[in-house]
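# Coordinate analysis (summary)
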Amino acid sequence: MPPGTFASWLIFFVAAAAPWFCGARSHLPNLLWIFGGLQMLALATLVIEKWIHKRALRTPGVLTKLCLVLSLPLAWWAVSAEPMFATSFAESHWAFLQREFPAAMLTWTRAERLWFVAGSLCALLAAAELGRDQTFRRRLCLVIGVSGLVMSLGALAQRFLGVSSPSWLLIGGSTERYNFVFFHHSAAAACFNLAWPLVAFHGLKQGAGLFRAVVWAVLGAVACVCFPLWKSESAWVIAIALVLGALAWWSLMRFAHAEPKLIFCGVGGALVAALALQLVWIERTRARYPDNWLGEAATRESAPERDTHFAEMASRRGDRMVPSDTPPRPAAWIAGMRMAMAYPIIGYGPGAWSREAVGFSNEPTVSTFYQHRQFAHHDLLQTAAEWGIVPALLWVALWVGAFYRAIRRDPTDLREMGLVLALIALALHSMLHFPLQLPLFQLWAALLLGLAWSRRPRREREDENDEEKNRSTRHRRVSLA
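Residues numbered from 1 in each chain as written. Predicted model: local features only at pLDDT ≥ 70, side-chain atom pairs only at ≥ 80, totals over all residues. Heavy atoms only, no water.

To continue, consider the overall build of the chain. Broken down by element type, the chain carries 21 helices and 2 strands. Dimensions of the chain along its principal axes, counting C-alpha atoms only, are 85 × 50 × 50 Å. Counting every position in the chain, which comprises 481 residues, the buried fraction comes to 52%. For the chain, the share of sequence-separated contacts (at least 6 apart) that also reach a separation of at least 24 residues comes to 81%. Accessible surface computed for the chain: about 21800 Å², of which carbon and sulfur atoms make up 64%. Looking at charge distribution, the chain has the averaged site of its 46 positive side-chain charges lying 9 Å from that of its 33 negative ones. (Helix = DSSP H or I, 4+ residues; strand = E, 2+ residues; numbered from the N terminus. Buried < 20%, exposed > 50% of the residue type's maximum accessible area, 1.4 Å probe, protein only. Contact = heavy atoms within 4.5 Å. Areas by Shrake-Rupley, 256 points an atom, 1.4 Å probe, with all protein chains shown as cover. Lys, Arg positive; Asp, Glu negative; His and termini not counted. Charge placed at Lys NZ, Arg CZ, Asp CG, Glu CD.)

Shown next as C-alpha cells:
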C-alpha cells in the first residue's frame, strides 16, 4: 500500500473511531495518547512519502507557519510546571467534584492534553495535503457526517429501544441519559448540527431526486426527535440559522452570481454579530450584577476569608454548588476576559481554567458549579484565557483563513457549502457551550479545517483559469460588437 493511501485510510479510521472513545470519560486508559499518536503517524507517513520522492508537502505556506507557531506554546508548557489552584477551597472542591460526579468531569493529565493538541495540528496539515484530492475530500466529509448521524441514531435507540451507552464510557443519567457517547447533551446536539450539512449537501450533489428527498426527510425526523431529548434549546436556533444560511447561499447560486467575497462577508458578519450580542449581554450583566472583583492579587489575599464563606455556603447542598441570581454564562465570560487579559502573550495552557479561573471572579456559581469549574462555555474565551491572547488570535486567523479559502474555492459547489456550514455550526455551538474542549471535536475540527485550507489540484486551477480567460474573451467580443 502506498504511504499516501495508508495515511488516507488512517485519517478515515481515526475520524470514524473518535466518537466512540473521545466524547466522554472512559474506563480505557491512554486514549488521548493513542489518538494523538495516530494523527501524528498520518502526517509522518506523508512526510516520508514526500521525502522518498524528493518533494515537499503542498500545504499552504500560511497554514504551515500558523501550525508551527501554535506548536511552540505546546513545547513550552510541556517543560513547564502545571499551575497551582488559585485557592485551597478551589482545590478541595475540585477533588470533591471528581470523586462524587466522575461522569460529569472530563479530566486528563496535562501531558495527555498537550500531546493530543499536537496530534490535532498534525491531522490538520495531513488533511490539508490529502484534501487536494476530491475523492478524499468527499470520503472524509461522509465519514464525519455519517458518524455524527450514527451517534444521533444511537440516542434514538436509547430512547425507544432501551439501548445502553458503550460499556467503556462513563455516562451520567438525568438529562444525559440519551446522549449515547457524549458526557453532556450540548455535545450531542453539536455533533448532529455539525454532521447534517455534510450528509445533506453531499446527497444533494451526488444523488437523484428521490435520494435527496429521503436524506432530508431522515435528517429532519432525527432533528425533531433528538433535539427535545437533549434539552439544548440553542441547538434548535443554530439548526434553523444553518438552514436559513443555506437557503440564502443557494439563492445567490440560483438567481445571482455567488461572489465569494459576498458570501465570506455574510458568514463573517453573522459570527461577528453573534459576538457583539454577547458583549452587550456581558456589559448588562456587569452593570446589573457587579461581583466587586478588585483584581487577581486582591482575590488571593482575601482567599482565607473567601474560602471559609464559600465552604459554608457549599455545605448546604449535596452537589456543593452555591447558587446565585447572576446569569452564569456571562459571569463565566467576564472571568474568561479577565483571565485572558492577565496572560496576553502566553497563558498556563490547556486545562488551566479549572485551576485559575476562580481567581478572576467573585461570582459563586463560577467558583462552585461543576460545569463552570471546567468550562467557560465559550471556547474562544477559554482558549484566550488558557493559551493567551496572542495564540488565541492565531487560532482565529486559522479559522478565518479556512472560511475564506473554502468559500473562494468554489462558492457554487454544494459540497463546499456543506463544509462551511459544518464549521459554522461548530463555531456557533462553541460560543455558547464547550464542544472544542472535547477531544472528538478538536479532531473533527482539525480535519475539516484542513479540508477547507487545502489547495486545489493544479489541473483544476488551470481549468478554472482557462474558463475565466474564456469568459473575459467573450465579454470583450460582446463589448466590441
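Another aspect to go through is the packing of helix 1 (residues 3-21) against helix 6 (residues 134-161). Remark: helix 1 packs on helix 6, axes separated minimally by 9 Å, with the N-to-C direction vectors making an angle of 15°. Classified by the interaxial angle, the pair formed by helix 1 and helix 6 is roughly parallel. Here helix 1 runs over helix 6; the crossing is right-handed. Contacts between helix 1 and helix 6 involve Ser8, Trp9, Ile11, Phe12, Ala15, Ala16, Pro19 and Trp20 on the former and, on the latter, Phe136, Arg139, Leu140, Val143, Ile144, Ser147, Val150 and Met151. In terms of residue class, the contact of helix 1 with helix 6 is made up of 13 nonpolar, 2 polar and 1 charged. (Axes fitted to C-alpha atoms, helices over the stretch in contact; angles between N-to-C directions. Parallel < 35°, antiparallel > 145°, perpendicular 65-115°, else oblique. Left-handed = near helix turned anticlockwise from the far one by under 90°. Nonpolar A, V, L, I, M, F, W, Y, C, P; charged D, E, K, R; others polar.)

What follows covers the pattern of salt bridges. Counted according to the given criterion, the structure contains 12 salt bridges. One salt bridge in this structure joins Arg286 and Glu283, with 3.3 Å as the shortest N-O distance. Residue Arg286 and its partner Glu283 are both found in helix 10 (residues 260-288); the two are separated by 3 residues, about one turn of the helix. Overall, Arg286 belongs to the partly exposed group, its relative accessible area being 33%. Ionic pairing is found between Arg300 and Glu296, a salt bridge with its closest N-O pair at 3.0 Å. Within this pair, Arg300 and its partner Glu296 are both found in helix 11 (residues 296-301), separated by 4 residues, close to a single helical turn. The partly exposed category is assigned to Arg300, whose relative accessible area is 35%. Bridged by salt links that share partners, the residues Lys50, Arg58 and Glu129 form one connected network. (Salt bridge = Lys/Arg side-chain N within 4 Å of Asp/Glu carboxyl O.)

So, about helix 10. The end-to-end C-alpha separation of helix 10 is 42 Å, in line with the 42 Å expected for 29 residues at 1.5 Å each. Buried within helix 10 we find Ile263, Val267, Leu271, Gln278, Ile282 and Thr285. Of the surrounding elements, those touching the buried residues of helix 10 are helix 9 (233-255), helix 13 (328-342), helix 18 (389-409) and helix 19 (414-430). (Expected span 1.5 Å × (residues − 1).)

Relative to the elements of secondary structure, Gly172 occurs in the loop between strand 2 (169-170) and helix 7 (185-206). A relative accessible area of 25% means that Gly172 is categorised as partly exposed. In contact with Gly172, not counting residues within four places along its chain, are Ala103 and Arg177.

Looking now at unusual backbone geometry. Non-glycine residue Ser174 carries a positive phi angle of around 55°. Along the polypeptide, Ser174 turns up in the loop between strand 2 and helix 7. With a relative accessible area of 54%, Ser174 lands in the exposed category.

The next thing to look at is the packing of aromatic side chains. Using the criterion set out here, one finds 27 aromatic pairs in the structure. Between Trp387 and Trp395 the ring centres are 5.6 Å apart and the planes differ by 85°, which places this aromatic pair in the edge-to-face class. Take Trp387: its relative accessible area is 5%, and that puts it in the buried class. Owing to a relative accessible area of 19%, Trp395 belongs among the buried residues under this scheme. Members of the aromatic cluster, each reached through a chain of ring pairs, are Phe192, Phe227, Trp230 and Trp236. Taking NZ or CZ as reference, Arg320 lies 4.5 Å from the ring centre of Phe96, over its face. (Phe/Tyr/Trp six-rings, centres within 6.5 Å; stacked < 30°, edge-to-face > 60°. Lys NZ or Arg CZ within 6 Å of the ring centre and 35° of its normal.)

Our focus in this paragraph is the environment of Ala311. Residue placement: Ala311 occurs in helix 12 (residues 303-314). Overall, the relative accessible area of 36% leaves Ala311 in the partly exposed class.

What follows is about the state of the cysteines. What the rule picks out here adds up to 0 disulfides. Of all cysteine sulfurs, the one in Cys226 lies closest to Cys224, which takes part in no disulfide; the gap is 10 Å. (Disulfide = S-S within 2.5 Å.)

So, about the nonpolar core. Ranked by internal contacts, the top residues of the largest apolar core, which has 117 residues, are Phe182 and Phe441. When residues no more than four places from it in sequence are discounted, the contact partners of Phe441 are Phe182, Ala187, Ala190, Cys191, Leu194, Leu426, Pro435 and Leu436. Core analysis: the second largest hydrophobic core is formed by 12 residues, Ala332, Ala352, Val366 and Ala385 among them. (Core = buried A, V, L, I, M, F, W, Y, C linked by side-chain atoms within 4.5 Å.)

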